[in-house]
Each structure stands twice: as structure tokens, then as C-alpha cells.
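The lines below spell out each chain.
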Amino acid sequence: MKVTIDATLCTGCSLCFSDVPEVFAMGDDGLAKVLVESPAGDLAAKAKDAATGCPAEAIIIKD
Ligand code: SF4
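Because the structure is predicted, anything quoted here is derived from the model rather than measured.

Conventions and cut-offs
- Residues numbered from 1 in each chain as written.
- Predicted model: local features only at pLDDT ≥ 70, side-chain atom pairs only at ≥ 80, totals over all residues.
- Heavy atoms only, no water.
- Helix = DSSP H or I, 4+ residues; strand = E, 2+ residues; numbered from the N terminus.
- Rg over C-alpha atoms; globule rule 2.2 N^0.38 Å.
- Buried < 20%, exposed > 50% of the residue type's maximum accessible area, 1.4 Å probe, protein only.
- Contact = heavy atoms within 4.5 Å.
- Areas by Shrake-Rupley, 256 points an atom, 1.4 Å probe, with all protein chains shown as cover.
- Near = heavy atom within 4 Å.
- Nonpolar A, V, L, I, M, F, W, Y, C, P; charged D, E, K, R; others polar.
- Salt bridge = Lys/Arg side-chain N within 4 Å of Asp/Glu carboxyl O.
- Core = buried A, V, L, I, M, F, W, Y, C linked by side-chain atoms within 4.5 Å.

## Notes on the overall build of the protein chain
When helices and strands are tallied, the protein chain shows 2 helices and 4 strands. For the protein chain, the sequential pattern of α-helices and β-strands runs β-α-β-β-α-β. Expected size for 63 residues packed as a compact globule is a radius of gyration near 11 Å; at 10 Å, the protein chain falls within 12% of this value. Projected onto its principal axes, the C-alpha positions of the protein chain cover 30 × 20 × 15 Å. Here the protein chain holds 63 residues, and the buried ones make up 33% of them. Partitioning the intrachain contacts of the protein chain with sequence separation of at least 6 by distance along the chain shows that 55% fall at a separation of at least 24. Total accessible area on the protein chain is roughly 3800 Å²; 51% of this is exposed by carbon and sulfur atoms.

## Concerning unusual backbone geometry
Even without being glycine, serine 14 reaches a positive phi, approximately 85 degrees. Tracing the chain through its elements places serine 14 in the loop between β1 (2-5) and α1 (15-19).

## A word on the environment of phenylalanine 24
Tracing the chain through its elements places phenylalanine 24 in strand β2 (residues 24-26). When the C-alpha atoms of phenylalanine 24 and alanine 50 are compared, they prove to be 9.3 Å apart, with 26 residues separating the residues in sequence.

## Quick look at the site of the ligand
Surveying the vicinity of the ligand reveals 13 residues, the closest of which are Cys10, Cys13, Ser14, Cys16 and Cys54. Among the residues forming the shell around the ligand, the class breakdown is 10 nonpolar, 3 polar and no charged.

## What about the pattern of salt bridges?
The final tally for this structure, using the stated rule, is 2 salt bridges. The salt bridge involving glutamate 37 is made with lysine 2; its shortest N-O contact spans 3.2 Å. Here lysine 2 lies in strand β1 and glutamate 37 lies in the loop between β3 (32-34) and α2 (41-53), a separation of 35 residues in the sequence. The salt bridge partner of glutamate 22 is lysine 46, with a shortest N-O separation of 3.2 Å. Taken together, the residues span a long stretch of sequence, with glutamate 22 in the loop between α1 and β2 and lysine 46 in helix α2 at a distance of 24 residues.

## Describing the nonpolar core
Ile5, Cys10, Cys16, Phe24, Ala32, Ala50 and Ile59 are the most contacted members of the largest nonpolar core, which has 16 residues in total. When contributions to this core are tallied by element, the ones reaching two or more residues are β1, α1 and α2. Per-element tally for this core: the top contributor is α2, with 3 residues.

Structure follows, in C-alpha cells:
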């Protein structure tokens, strides 16, 4: 799987990097950035949950 952030949609709400700091962090621009682009196992599941929970639908996951 591959995780990316659509920076045109992300509002920097902090939900993803608060919930899954192993995969997401706040970038210098205040928006989310991806630390692990191809997470596996538990982290993959957490990344998917974060994508589902993102209020801006800015987390894109491709299998
Ligand atoms: S949850 Fe969505 S809108 Fe919020 S910081 Fe993460 S990617 Fe951006």
C-alpha cells in the first residue's frame, strides 16, 4: 500500500498525527506529512483508520 496526503485538502487539524504518529507528522507548513509511505501490518491498519477519520478526506491510500 502507499500513503499520500493531498496538501490541497489537508487543513492541519492534527487528528492523523495525534492518532498515528508512527506514520504521520506535522510538516513545516503546518500540514500533515507522511513518515512511512508503505506501512505494513498494524501500521497499515492504523493508516487506513486515519484515512477514514480524516475530516478533509486528504489521506489517500492505494493498495
Ligand atoms: S487528519 Fe486529515 S486534515 Fe487533519 S492533519 Fe491529517 S491529513 Fe490533514
